[in-house]
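Here's the letter readout for the chains.
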Amino acid sequence: DISDILTDLFEKSATVETPRVYSQNNIEKTAGGIADFKKYGNAFMDVITKRPRANATDALNAFEYMLETGDKDAAKTLWLIAEEYRKMKSDILSTPTPREIAPLHIDFVNELRAIENAVTDMGFALPDPVRGTLGLSMYIQHLDRAWEILSGVNSIFEAAGIEFTEKESGYSWRRFK
């Protein structure tokens, strides 16, 4: 049964260190303060909502569909999702970032790169099941890490007393508590 095989693989897979491709030298840093935090929080969430296909539900559904049907063209859907993650990474990288948030921001950019690569690998599950399954494992691990990073950014907002109204894009940060 495929679920038993995947469960066994996930349990045996090691935690992977995300390669540090990008550094703080790759971003524009702002001074910080309430205005910069709010501007960043809203701009960041604008980027996320601009790339609606870059999400776990679409990626996992496409992967499951490909495995269940054996439809080789389904891999194209995964590769389109990977491209959305790449575009998101590029947009996030160009978002001016308060100095206090910069380390987490760069960690998130590097996670997006790893997520993009993992989704690409998932698309190879039919011709190369090991690569596809390892891609799935990496995808899940990097999504978890990305969530932790975003929770850290939200903690910085909370510590600074930053609040977003329902009319602001940054209101979505409330999910990362």
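Presented here is a report on the structure given in the accompanying data block. This is a predicted model, so every value here is computed, not measured.

Here we look at the layout of surface pockets
Stage number 1. The space that makes up the largest pocket amounts to roughly 490 Å³.
Stage number 2. Forming the walls of the largest pocket are 22 residues, and the residues nearest its centre are Ile 48, Ala 54, Trp 147, Leu 150 and Phe 176.
Stage number 3. Looking at the lining of the largest pocket, the elements that each hand over two or more residues are helix 2 (34-50), helix 4 (74-93), helix 5 (102-122) and helix 6 (129-159).
Stage number 4. The biggest single contributor to the lining of the largest pocket is helix 6, with 5 residues.

Considerations on the nonpolar core
Stage number 1. One finds Val 119, Phe 157 and Trp 173 to be the most contacted residues of the largest nonpolar core, which totals 44 residues.
Stage number 2. Taken together, the elements giving at least two residues each to this core come down to helix 2, helix 3 (56-69), helix 4, helix 5 and helix 6.

Digging into helix 3
Stage number 1. An ideal rise of 1.5 Å per residue puts 20 Å on 14 residues; helix 3 measures up with 20 Å between its terminal C-alpha atoms.
Stage number 2. Of the positions making up helix 3, those classed as buried are Ala 59, Ala 62, Phe 63 and Met 66. Taken down its axis, helix 3 places every buried residue within 100° of arc, on the same side. The outward face of helix 3, more than 90 degrees from its buried face, is lined by the exposed residues Thr 57 and Glu 68.
Stage number 3. The distance from a side-chain oxygen at the start of helix 3 to the backbone nitrogen of Thr 57 is 3.0 Å, and the residue carrying that oxygen is Asn 55.
Stage number 4. Directly beyond the C-terminal end of helix 3, a positive phi value near 70° is found at Gly 70.

The rules behind the values
Counting from 1, residues in each chain are numbered in the order their sequence is written. Side-chain atom pairs in this predicted model are given and counted only at pLDDT of 80 or more, local residue features only at pLDDT of at least 70, and totals for whole chains, interfaces and linings cover all residues. To get the side-chain values, take all heavy atoms of the structure and skip hydrogens and water. The rule is simple: put a 1 Å grid over the protein atoms alone, call a set of points where a 1.4 Å probe fits but cannot get out a cavity, call an open set with protein on both sides within 12 Å along at least five of seven lines a pocket, and count a residue as lining if it has an atom within 4 Å of a point. Grid points are joined across faces, edges and corners, and a volume is the space filled by probe spheres set on the points. Counting from the N terminus, the helices are DSSP H or I runs at least four residues long and the strands are E runs at least two residues long. By nonpolar core is meant a set of buried Ala, Val, Leu, Ile, Met, Phe, Trp, Tyr and Cys residues that side-chain atoms within 4.5 Å join together. For every residue, the accessible area obtained with a 1.4 Å probe (protein chains only) is divided by the maximum for its type, and the residue is called buried under 20%, exposed over 50%, and partly exposed between those limits. Every helix has an expected span of 1.5 Å times one less than the residues it contains. Taking the helix axis as origin, the arc is that swept by the directions to the C-beta atoms. We call two N or O atoms a polar contact when they sit within 3.5 Å, provided that within protein one can donate a hydrogen and the other can accept it, with sequence-adjacent residues counted only if both atoms are side-chain atoms.

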